[in-house]
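Here are the chains, one letter per residue:
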Amino acid sequence: MKTPNFRFGRLNSLVAMMAIAMLVPQSAAALTLGAGWTRSDVGLHDDGEGIYLSVGDQVSLHQSVFDLSYALEYVQKKGSQPTPFSDPITGFATDDAEVTLHVLEPAIFVGATAPGVPLLPRIYAGGSIGLKVSEQWGEFPGEPNQNYGYKETDIIVHLGVSAAVGPVLVDLRWSKSAVGQLLRDDQNLPLWNANKADDPLADVEAPREGFKTEVLRLGVAYSF
């Protein structure tokens, strides 16, 4: 599937920000390993649940309330769509078209905490580059009445809150694509199925082409 040209200006800016962050003088740093649960809206009728893994580092900014952190994260983004399928032998059937996006996200965040008040959570925001490693669809019982796919790259914004008890960190984060991700591709539909490409299912929301993927994640991390 061909995808629209990626806006390399945004990509280069984010890479530059990450490089600058890694050169900031460090007053304190800790390697952090994290994992947890994701719930994703990828523009299909039903949201999906998956996992994420992360490894990163946090840097305090000269005893300020602010800090920088950067991470490399693996994120599963899932969804499903009730879909009519056609087969020249078995006929028509309706089943869920299920997708799992496997995405690597190098990310950078700016956080803020109140010094001397350990029970208050850390609030943070940031951005990442989404690099799609794999797009996996479940087995289809025939040809779908629509073909969809997702872009290879993404720019993602993040807003989160975390709370630490010793070296253990509980993290809650919301993320959203800044670039539409869902693509429609009908060029491979068979001719005998093409006239059914726009037949809606009752009470089923149609996939939203250009949808900006959203992810809610909850996880636990450990700092060394």
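Up top you'll find the structure we're talking about.
In this text, all values refer to a predicted model and were calculated from it rather than measured experimentally.

Draft legend 1. Expanded view of the environment of phenylalanine 66. Within the fold, phenylalanine 66 resides in strand 3 (residues 66-87). Sequence separation of phenylalanine 66 and valine 110 is 44 residues, and the distance between their C-alpha atoms is 6.9 Å. What phenylalanine 66 contacts, discounting residues up to four positions off in sequence, is Ser60, Leu61, Val110, Gly111 and Ala112.

Draft legend 2. Structural context of the side chain of serine 175. As for its position among the elements, serine 175 is in strand 9 (residues 168-177). For serine 175, a relative accessible area of 3% corresponds to the buried category. Polar side-chain contacts of serine 175 include one of 2.7 Å to the side chain of histidine 158. In this view, serine 175 contacts Ile156, Val157, His158, Thr213, Glu214, Val215 and Arg217; residues no more than four positions away in its chain are not counted.

Draft legend 3. The side chain of serine 40, seen in detail. With respect to the helices, strands and loops of the structure, serine 40 is situated in strand 1 (residues 29-41). Look at serine 40 and you get buried, because its relative accessible area is 1%. Sequence-distant contacts of serine 40, that is, excluding residues within four places in its chain, are made with Asp47, Gly48, Gln76, Lys77, Lys78, Glu214 and Val215.

Draft legend 4. Geometry of the pattern of salt bridges. Applying the stated criterion across every chain, the model contains 12 salt bridges. Here lysine 77 makes a salt bridge to glutamate 105, at a shortest N to O gap of 3.2 Å. Residue lysine 77 is located in strand 3, and its partner glutamate 105 is located in strand 4 (residues 91-112); the two are separated by 28 residues in the primary sequence. The buried category is assigned to lysine 77, whose relative accessible area is 6%. A salt bridge links lysine 132 to glutamate 135; the nearest nitrogen and oxygen atoms lie 2.7 Å apart. Each of Glu73, Lys77, Glu105, Arg173 and Arg217 takes part in one network of salt bridges that share partners.

Draft legend 5. Structural detail: the packing of aromatic side chains. As enumerated under the stated definition, the model contains 4 aromatic pairs in all. On the basis of an interplanar angle of 80 degrees and a centroid distance of 5.4 Å, the ring pair of phenylalanine 109 and tyrosine 124 is categorised as edge-to-face. Here the residue phenylalanine 109 occupies a position in strand 4, and tyrosine 124 occupies one in strand 5 (residues 122-137), the gap between them amounting to 15 residues. Of the residues examined, tyrosine 124 reaches a relative accessible area of 4% and is grouped as buried. Seen in terms of ring centroids, tryptophan 137 and phenylalanine 140 are 6.2 Å apart; in terms of plane orientation they differ by 70 degrees. Their pairing is edge-to-face. Note that lysine 176 overlies the ring of phenylalanine 211, its terminal NZ or CZ placed 5.7 Å from the centroid. The ring of tyrosine 52 is capped by arginine 217, whose NZ or CZ atom sits 4.8 Å from the centre of that ring.

Draft legend 6. Representation of the environment of alanine 114 within the structure. Its place among the elements puts alanine 114 in the loop between strand 4 and strand 5. Expressed as a C-alpha distance, the spacing of alanine 114 and valine 65, which sit 49 residues apart in the sequence, is 6.0 Å.

Draft legend 7. Main features of the nonpolar core. Formed by Val42, Leu44, Val99, Leu101, Val103, Tyr148, Tyr150, Leu182 and Phe211, the largest nonpolar core amounts to 9 residues. Those elements that provide at least two residues to this core are strand 4 and strand 7 (148-150). Of the residues forming this core, the biggest block, 3 residues, is contributed by strand 4. When sequence neighbours within four positions are dropped, the list of residues in contact with leucine 101 reads Val42, Val75, Gln76, Lys77, Lys132, Ser134, Glu135 and Tyr150.

Draft legend 8. A look at the pairing of strand 3. Burial within strand 3 is extensive, with 17 of its 22 residues counted as buried. Summarising the sheet, strand 2 (residues 46-60) and strand 3 pair through 11 bridges and their orientation is antiparallel. Bridging from a neighbouring strand, serine 60 pairs with aspartate 67 of strand 3. Both strand 3 and strand 4 contribute to a ladder of 22 bridges, which runs antiparallel. Looking at the pairing, serine 80 lines up with glutamate 98 of strand 4. Where strand 3 folds back onto strand 4 in an antiparallel hairpin, the turn is made up of 3 residues. Pairing geometry for strand 3 and strand 6 (residues 143-144), over 2 bridges, is antiparallel. When the sheet's bridge partners are listed, phenylalanine 85 is paired in strand 6 with proline 144.

About the criteria used
Residues numbered from 1 in each chain as written. Predicted model: local features only at pLDDT ≥ 70, side-chain atom pairs only at ≥ 80, totals over all residues. Heavy atoms only, no water. Helix = DSSP H or I, 4+ residues; strand = E, 2+ residues; numbered from the N terminus. Contact = heavy atoms within 4.5 Å. Buried < 20%, exposed > 50% of the residue type's maximum accessible area, 1.4 Å probe, protein only. Polar contact = N/O pair within 3.5 Å; in protein donor to acceptor, adjacent residues only side chain to side chain. Salt bridge = Lys/Arg side-chain N within 4 Å of Asp/Glu carboxyl O. Phe/Tyr/Trp six-rings, centres within 6.5 Å; stacked < 30°, edge-to-face > 60°. Lys NZ or Arg CZ within 6 Å of the ring centre and 35° of its normal. Core = buried A, V, L, I, M, F, W, Y, C linked by side-chain atoms within 4.5 Å. Pairing = 2+ DSSP bridges.

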